[in-house]
Amino acid sequence: MDRQKTIKVIIENFKEYLQTEEAKKHLEIMKKEKTEVKDLMDKLSRMDKKSSEFTDWVLYGLLSYNKKTKFAKRASLFPAFLNIKKFFKKFDYSEDEWNLIANKIFNLYDKFRNNPDKLSFFIDEFIQDKYSRRLQCGAISPNLFCLNDSYPIVNNRTIKTYNKINLILGRIEELSQKLKDYLSNIKKLKEFVSGLGFELLENQDYL
(Lines give C-alpha, C1' and ligand atoms only; values in the text may rest on other atoms or scores of the structure.)
Protein backbone atom coordinates (compact mmCIF):
# COMPACT_ATOMS: atom_id res chain seq x y z
CA MET A 1 0.00 0.00 0.00
CA ASP A 2 1.42 3.40 -0.95
CA ARG A 3 1.75 6.26 1.49
CA GLN A 4 -1.30 8.25 0.44
CA LYS A 5 -3.50 5.16 0.53
CA THR A 6 -2.23 4.35 4.04
CA ILE A 7 -3.17 7.87 5.22
CA LYS A 8 -6.57 7.58 3.54
CA VAL A 9 -7.23 4.32 5.44
CA ILE A 10 -6.23 5.96 8.74
CA ILE A 11 -8.59 8.88 8.10
CA GLU A 12 -11.48 6.60 7.08
CA ASN A 13 -10.96 4.51 10.22
CA PHE A 14 -11.02 7.69 12.29
CA LYS A 15 -14.28 8.81 10.63
CA GLU A 16 -15.81 5.44 11.54
CA TYR A 17 -14.56 5.75 15.12
CA LEU A 18 -16.27 9.14 15.46
CA GLN A 19 -19.61 7.42 14.99
CA THR A 20 -19.09 5.15 18.01
CA GLU A 21 -20.55 5.77 21.45
CA GLU A 22 -17.02 5.85 22.88
CA ALA A 23 -16.05 8.76 20.63
CA LYS A 24 -19.27 10.64 21.33
CA LYS A 25 -18.75 10.22 25.07
CA HIS A 26 -15.15 11.37 24.74
CA LEU A 27 -16.26 14.58 23.00
CA GLU A 28 -18.94 15.19 25.61
CA ILE A 29 -16.42 14.83 28.45
CA MET A 30 -14.10 17.20 26.58
CA LYS A 31 -16.87 19.79 26.37
CA LYS A 32 -17.52 19.42 30.09
CA GLU A 33 -13.82 19.82 30.90
CA LYS A 34 -13.63 23.12 29.02
CA THR A 35 -16.42 24.50 31.20
CA GLU A 36 -14.83 23.02 34.31
CA VAL A 37 -11.48 24.75 33.66
CA LYS A 38 -13.12 28.11 32.93
CA ASP A 39 -15.17 27.88 36.13
CA LEU A 40 -12.07 26.93 38.10
CA MET A 41 -10.19 29.95 36.75
CA ASP A 42 -13.04 32.16 37.93
CA LYS A 43 -12.89 30.52 41.36
CA LEU A 44 -9.12 30.97 41.58
CA SER A 45 -9.37 34.63 40.57
CA ARG A 46 -11.43 35.28 43.71
CA MET A 47 -9.06 33.47 46.08
CA ASP A 48 -6.21 34.83 48.19
CA LYS A 49 -3.21 34.27 45.90
CA LYS A 50 -0.87 33.85 48.87
CA SER A 51 -2.91 31.13 50.54
CA SER A 52 -2.07 27.43 50.66
CA GLU A 53 -5.59 26.76 49.40
CA PHE A 54 -4.85 28.71 46.21
CA THR A 55 -1.56 26.83 45.75
CA ASP A 56 -3.27 23.45 46.14
CA TRP A 57 -6.11 24.30 43.77
CA VAL A 58 -3.69 25.37 41.04
CA LEU A 59 -1.26 22.46 41.48
CA TYR A 60 -3.87 19.75 42.05
CA GLY A 61 -7.00 21.20 40.47
CA LEU A 62 -6.03 23.37 37.53
CA LEU A 63 -3.19 21.20 36.26
CA SER A 64 -4.22 17.94 34.61
CA TYR A 65 -4.43 14.57 36.36
CA ASN A 66 -5.81 11.33 34.98
CA LYS A 67 -8.03 10.60 37.96
CA LYS A 68 -9.12 12.02 41.26
CA THR A 69 -6.83 10.91 44.07
CA LYS A 70 -6.05 12.09 47.58
CA PHE A 71 -3.97 14.76 45.80
CA ALA A 72 -5.80 15.50 42.55
CA LYS A 73 -9.00 17.50 42.80
CA ARG A 74 -10.29 16.69 39.30
CA ALA A 75 -9.75 14.16 36.53
CA SER A 76 -8.73 15.26 33.02
CA LEU A 77 -8.80 13.74 29.56
CA PHE A 78 -5.31 15.14 29.08
CA PRO A 79 -3.33 14.09 32.17
CA ALA A 80 0.18 15.40 32.75
CA PHE A 81 0.90 14.43 36.36
CA LEU A 82 0.30 11.85 39.06
CA ASN A 83 1.62 14.11 41.82
CA ILE A 84 3.43 17.27 40.77
CA LYS A 85 5.28 17.73 44.06
CA LYS A 86 6.64 14.19 43.88
CA PHE A 87 7.56 14.67 40.23
CA PHE A 88 9.51 17.84 41.12
CA LYS A 89 10.92 16.43 44.36
CA LYS A 90 14.57 16.80 43.35
CA PHE A 91 14.14 20.58 43.16
CA ASP A 92 13.29 20.68 46.87
CA TYR A 93 10.93 23.64 46.56
CA SER A 94 9.74 25.36 49.73
CA GLU A 95 6.04 26.09 50.29
CA ASP A 96 6.70 29.72 49.35
CA GLU A 97 8.25 28.57 46.08
CA TRP A 98 5.27 26.31 45.36
CA ASN A 99 3.03 29.32 45.88
CA LEU A 100 5.18 31.29 43.45
CA ILE A 101 4.87 28.49 40.89
CA ALA A 102 1.11 28.34 41.38
CA ASN A 103 0.87 32.07 40.76
CA LYS A 104 3.04 31.79 37.65
CA ILE A 105 0.75 29.11 36.23
CA PHE A 106 -2.45 30.95 37.10
CA ASN A 107 -1.14 34.27 35.73
CA LEU A 108 -0.13 32.67 32.42
CA TYR A 109 -3.64 31.30 31.94
CA ASP A 110 -5.34 34.45 33.21
CA LYS A 111 -3.40 36.71 30.84
CA PHE A 112 -3.96 34.30 27.97
CA ARG A 113 -7.73 34.12 28.40
CA ASN A 114 -7.95 37.90 28.30
CA ASN A 115 -5.38 38.47 25.51
CA PRO A 116 -4.77 35.25 23.54
CA ASP A 117 -3.03 37.13 20.74
CA LYS A 118 -0.19 37.94 23.15
CA LEU A 119 0.47 34.32 24.09
CA SER A 120 4.00 34.39 22.67
CA PHE A 121 4.91 37.23 25.02
CA PHE A 122 3.24 35.51 27.99
CA ILE A 123 5.15 32.29 27.33
CA ASP A 124 8.45 34.16 27.09
CA GLU A 125 7.63 35.79 30.42
CA PHE A 126 6.68 32.43 31.97
CA ILE A 127 9.84 30.55 30.97
CA GLN A 128 12.34 33.22 31.99
CA ASP A 129 13.18 31.71 35.40
CA LYS A 130 13.96 28.29 36.88
CA TYR A 131 10.43 27.73 38.18
CA SER A 132 9.15 26.85 34.72
CA ARG A 133 11.31 23.69 34.66
CA ARG A 134 9.36 20.64 33.48
CA LEU A 135 6.27 22.77 32.84
CA GLN A 136 6.27 22.20 29.12
CA CYS A 137 3.63 21.80 26.39
CA GLY A 138 2.18 18.59 27.82
CA ALA A 139 1.52 20.24 31.18
CA ILE A 140 0.44 23.70 30.01
CA SER A 141 -1.34 23.31 26.65
CA PRO A 142 -4.40 21.30 27.83
CA ASN A 143 -5.75 24.31 29.71
CA LEU A 144 -4.83 26.72 26.93
CA PHE A 145 -7.12 24.55 24.80
CA CYS A 146 -9.84 24.46 27.46
CA LEU A 147 -9.78 28.25 27.82
CA ASN A 148 -9.68 28.88 24.08
CA ASP A 149 -10.25 25.83 21.92
CA SER A 150 -8.70 27.33 18.82
CA TYR A 151 -5.37 26.54 20.51
CA PRO A 152 -4.34 22.86 20.21
CA ILE A 153 -3.19 20.44 22.86
CA VAL A 154 0.42 19.43 22.30
CA ASN A 155 1.14 16.46 24.53
CA ASN A 156 2.82 13.09 24.06
CA ARG A 157 -0.18 11.69 22.20
CA THR A 158 -0.24 14.61 19.76
CA ILE A 159 3.52 14.50 19.26
CA LYS A 160 3.69 10.73 18.66
CA THR A 161 0.77 10.76 16.21
CA TYR A 162 2.16 13.72 14.29
CA ASN A 163 5.61 12.14 14.09
CA LYS A 164 4.32 8.72 13.01
CA ILE A 165 2.05 10.07 10.27
CA ASN A 166 4.87 12.21 8.94
CA LEU A 167 7.08 9.12 8.84
CA ILE A 168 4.42 7.34 6.79
CA LEU A 169 4.48 10.31 4.42
CA GLY A 170 8.26 10.09 4.23
CA ARG A 171 8.85 13.34 6.09
CA ILE A 172 11.28 13.96 8.92
CA GLU A 173 9.25 16.48 10.86
CA GLU A 174 8.60 16.58 14.60
CA LEU A 175 6.79 18.62 17.21
CA SER A 176 8.62 19.93 20.26
CA GLN A 177 7.74 19.25 23.88
CA LYS A 178 9.22 22.61 24.90
CA LEU A 179 6.75 25.33 25.84
CA LYS A 180 8.94 27.91 24.12
CA ASP A 181 8.14 26.12 20.84
CA TYR A 182 4.37 25.98 21.35
CA LEU A 183 3.60 28.70 18.77
CA SER A 184 5.82 27.03 16.17
CA ASN A 185 4.07 23.74 16.97
CA ILE A 186 0.74 25.41 16.17
CA LYS A 187 2.08 26.49 12.77
CA LYS A 188 3.31 22.96 12.06
CA LEU A 189 -0.05 21.46 13.04
CA LYS A 190 -1.94 23.87 10.76
CA GLU A 191 0.30 22.91 7.85
CA PHE A 192 -0.10 19.24 8.77
CA VAL A 193 -3.91 19.40 8.73
CA SER A 194 -3.90 21.38 5.48
CA GLY A 195 -1.64 18.77 3.89
CA LEU A 196 -3.92 15.92 4.93
CA GLY A 197 -6.93 17.64 3.36
CA PHE A 198 -9.18 16.48 6.22
CA GLU A 199 -11.03 19.65 7.19
CA LEU A 200 -12.63 18.19 10.31
CA LEU A 201 -9.20 18.27 11.99
CA GLU A 202 -9.26 22.07 11.79
CA ASN A 203 -11.54 21.72 14.80
CA GLN A 204 -9.14 21.15 17.71
CA ASP A 205 -11.59 18.80 19.45
CA TYR A 206 -11.03 16.28 16.65
CA LEU A 207 -7.34 17.02 16.19
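Quick look at the structure, then. (Residues numbered from 1 in each chain as written. Predicted model: local features only at pLDDT ≥ 70, side-chain atom pairs only at ≥ 80, totals over all residues. Heavy atoms only, no water.)

## Description of the nonpolar core
Core analysis: the largest hydrophobic core is formed by 60 residues, its most contacted members being L62, I84, I105, Y109, L135 and Y182. Those elements that provide at least two residues to this core are helix 1 (3–17), helix 2 (21–45), helix 3 (52–62), helix 5 (95–114), helix 6 (119–126), helix 7 (137–147), helix 8 (156–168) and helix 9 (182–196). Broken down by element, the residue count for this core peaks at 8 residues, all from helix 5. If near-sequence neighbours (up to four positions away) are discounted, Y182 is found in contact with L119, I123, C137, S141, L144, Y151, P152 and V154. (Core = buried A, V, L, I, M, F, W, Y, C linked by side-chain atoms within 4.5 Å. Buried < 20%, exposed > 50% of the residue type's maximum accessible area, 1.4 Å probe, protein only. Helix = DSSP H or I, 4+ residues; strand = E, 2+ residues; numbered from the N terminus. Contact = heavy atoms within 4.5 Å.)

## Quick look at the side chain of N155
Its place among the elements puts N155 in the loop between helix 7 and helix 8. Other than its neighbours up to four places away in sequence, N155 contacts F78 and G138.

## Description of the pattern of salt bridges
In this structure the tally under the stated criterion is 13 salt bridges. A single salt-bridge network, built from bridges that share partners, covers E33, E36 and R74. (Salt bridge = Lys/Arg side-chain N within 4 Å of Asp/Glu carboxyl O.)

## Describing the environment of L169
Structurally, L169 is set in the loop between helix 8 and helix 9. Setting aside anything within four residues of it in sequence, one finds L169 in contact with R3, Q4 and I7.

## What to know about a positive patch on the surface
On the surface, K90, K130, R133 and R134 cluster together into a patch of positive charge. Tracing the backbone through its elements, the reader meets K130 in the loop between helix 6 and helix 7. Accessibility expressed as a relative area gives 45% for K130, which makes it partly exposed. (Patch = residues over 30% accessible without salt bridge, like charges linked within 9 Å, V, L, I, M, F, W, Y side chains within 5 Å. Areas by Shrake-Rupley, 256 points an atom, 1.4 Å probe, with all protein chains shown as cover. Lys, Arg positive; Asp, Glu negative; His and termini not counted. Charge placed at Lys NZ, Arg CZ, Asp CG, Glu CD.)

## Quick notes on helix 8
An α-helix turns once every 3.6 residues. As a result, residues three or four positions apart point the same way. Here helix 8 is 13 residues long and its end C-alpha atoms lie 18 Å apart, about the 18 Å a rise of 1.5 Å per residue gives. Among the residues making up helix 8, those that are buried are T158, I159, Y162, N163, I165 and N166. Summarising the axial view, the buried residues of helix 8 lie within an arc of 170 degrees, below the 170-degree limit, and thus occupy one face. Residues R157, K160, K164 and L167 are exposed on helix 8 and point more than 90 degrees away from its buried face. Where helix 8 ends, the next residue or the one after it, G170, has phi of about 80 degrees, a positive value. (Expected span 1.5 Å × (residues − 1). Arc of directions from axis to C-beta.)

## A short note on the packing of aromatic side chains
Under the counting rule described, the total for this entry stands at 18 aromatic pairs. Aromatic pair F81 and F88: ring centres 6.2 Å apart, planes at 80 degrees, arrangement edge-to-face. We classify F88 as buried; its relative accessible area is 1%. For the pair Y162 and F192, a centre-to-centre distance of 5.0 Å together with 50 degrees between the ring planes defines the contact as tilted. One end of the pair, Y162, is in helix 8; the other, F192, is in helix 9, and 30 residues separate them in sequence. For F192, a relative accessible area of 8% corresponds to the buried category. What links up through ring pairs into an aromatic cluster is the set Y60, Y65, F71, F81, F87, F88, F91, Y93, W98 and Y131. Looking at K43, its charged tip hangs above the ring of W57, at a distance of 3.6 Å from the centre. Against the face of W57 rests K73, its NZ or CZ located 4.9 Å from the ring centre. (Phe/Tyr/Trp six-rings, centres within 6.5 Å; stacked < 30°, edge-to-face > 60°. Lys NZ or Arg CZ within 6 Å of the ring centre and 35° of its normal.)

Shape is all these values report; function is a separate question.
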